[in-house]
Amino acid sequence: AAPGEPCTMEHAIPERLVFVWSGPDFPYYARLAVESALIAEPACRVEIHLLDRHPPRGVHFLQVASYARVTIEHVSCDELFTGLDAPAARYRALHDRIPPERRSARSNLVRYAILHQRGGVYLDFDVLVQRSLASLRRGRDFIGAERVWVADQPRVSGRRELWMVRPTMAWAAAYAVRRAQARFGVGPSPCEPLAPIHRSWSAIQANNAVIGARAGSPFLRRVLAAALDADPEIRYALGPTLVDRVARQAPDLVSVLPPAVFYCVPPSHSFRFFSGPTFELPAESRLIHFVHSNHRRLLARIDAAEALRRRRSSTFFQLAAPVVEGARALARRGATT
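The sections below set out a description of the structure shown in this document. (Residues numbered from 1 in each chain as written. Predicted model: local features only at pLDDT ≥ 70, side-chain atom pairs only at ≥ 80, totals over all residues. Heavy atoms only, no water.)

Another aspect to go through is the sheet that holds strand β4 (residues 120–123). With respect to topology, 7 strands assemble into an open sheet ordered β3-β2-β1-β4-β7-β6-β8, the strand pairing being mixed. Both outer strands of the open sheet, β3 (70–74) and β8 (255–257), are each paired with one neighbouring strand and no more. Put simply, the sheet's adjacent strands are angled 35° from each other on average, direction ignored. Across 5 bridges, strand β2 (residues 45–50) lies against β3 in parallel orientation. Among the inter-strand pairings, H49 is bridged to a residue of β3, identified as E73. (Pairing = 2+ DSSP bridges. Helix = DSSP H or I, 4+ residues; strand = E, 2+ residues; numbered from the N terminus. Axes fitted to C-alpha atoms, helices over the stretch in contact; angles between N-to-C directions.)

As C-alpha cells, then:
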C-alpha cells in the first residue's frame, strides 16, 4: 500500500491511532512519535489518552495538541471497563493494584480496553512510523513479534535456574558482537539475526507496543479477561507476556506479524538505532521501536535542531529528520490557508 492510502474496507480496523500518556512532562521524542504517525497516515485521526488528572507540561504537548487531527482525552476507568466479561469494579481494582511508578503497566490495561471499545491502532510513544499501516488495517487484528532473550521473563518473575546460564552467556556474546560491529562499522545489518548464535539466546515473542484491532475484538476481550489473573507487580505480566500467551492460545483471533514489520532490531540491541553506521530497514518494515527505557538520558535531551544536525550520524536521526521537516506542514487547529 502506498503511504497514506485510505482504508475503505467495510469491516476494516478504523482509521484511528491511539496513544496513552502518563507523566508530568511530555518530551520531544513523544512529539516525534505523534508527528511521524500523522505524516505517514494522513487519513487517520490521532487520540492521546491521558491517565493523569492534569495534562503534561511543556511546549511539545501544546504543539501536538494544536494539530487539527489530534484529540486529547482523559481516561475514565469506570467508563472504559464497562461491557466486558467481568464487572468493571474488578478491572478498576486491578488497575489500582498496579504500583503508581509502573506507568507502562497501567497503560497496558488501558490500551486494551480503549481498542476493545473503539477499535483502531495503538502505538507506543517510542516509535517512529515510516510507512502507512493501511494494508494491515484491512486484514485481521494484529500484533507484532520481536526477538527476545529467552531467560528474561523467568528472571523478572524471580526464577533462577540452571538452564538459564547457557542462553544468558549466548545473549552476552551476541550483545558484545553487535557492540563491536557498531564501533568498527563492520558486519551485517542489525536487522539480520546472528546465525547460529541467535538460536541459543532468543525466542520470538509478541509485543504490545503496536496493536491493531476492531471494536469488540475477541482477541482483546480474551486479553482483558486473562489480565484479571495476572500479577500486576511482575514486570511485563500485563504487557508482552500477556498478549503473547493469549495469541498462542487463540491463533485464529489475531495475526502475529514477523519481527521485520515493527521490531526489526531486537530490543536488547536497540543501541544500534543510535550508534554505529546507518542501516536500511527491511522492505516490510512499517516503523521502528527504539525502546525509550534503554535510552532515557539520550532521549531526554534531543530536540528538533539536534535531530536535523545529526541526521547522518545514526539511523534514528536519519529517520527522525524527515519527520521534523514534514511536521512543519501539518495542519493546526484554527489555522487558515
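This next bit is on helix α10 (residues 218–227). Listing the buried residues of α10 in full gives F219, L220, V223, L224, A226 and A227. In an axial view of α10, the angular spread of the buried residues amounts to 165°, which keeps them on one side of the axis. As for α10, its buried residues are in contact with α4 (88–97), α5 (103–118), β6 (142–149), β7 (202–213) and α11 (240–249). (Buried < 20%, exposed > 50% of the residue type's maximum accessible area, 1.4 Å probe, protein only. Arc of directions from axis to C-beta. Contact = heavy atoms within 4.5 Å.)

Moving on, we come to the environment of S270. For S270, the location among the structural elements is in the loop between α12 (259–262) and β9 (287–289). For S270, a relative accessible area of 2% gives the class buried. Not counting the four nearest positions on each side in its chain, S270 is found in contact with V265, F290, V291, N294 and H295. A polar contact of 3.2 Å, which involves the side chain of S270, links it to the backbone oxygen of P267. (Polar contact = N/O pair within 3.5 Å; in protein donor to acceptor, adjacent residues only side chain to side chain.)

Okay, the pattern of salt bridges next. Tallied over the full model, the rule gives 16 salt bridges. Note that D25 is salt-bridged to R57, the shortest N-O span being 3.1 Å. Residue D25 is found in the loop between β1 (16–21) and α1 (28–40), and its partner R57 is found in the loop between β2 and α2 (59–66); the two are separated by 32 residues along the sequence. Among the salt bridges present, the one from R221 reaches D85, with a minimum N-O distance of 2.9 Å. One end of the pair, R221, is in helix α10; the other, D85, is in the loop between α3 (77–80) and α4, and 136 residues separate them in sequence. Among the residues examined, R221 registers a relative accessible area of 27% and is labelled partly exposed. Accessibility expressed as a relative area gives 55% for D85, which makes it exposed. (Salt bridge = Lys/Arg side-chain N within 4 Å of Asp/Glu carboxyl O.)

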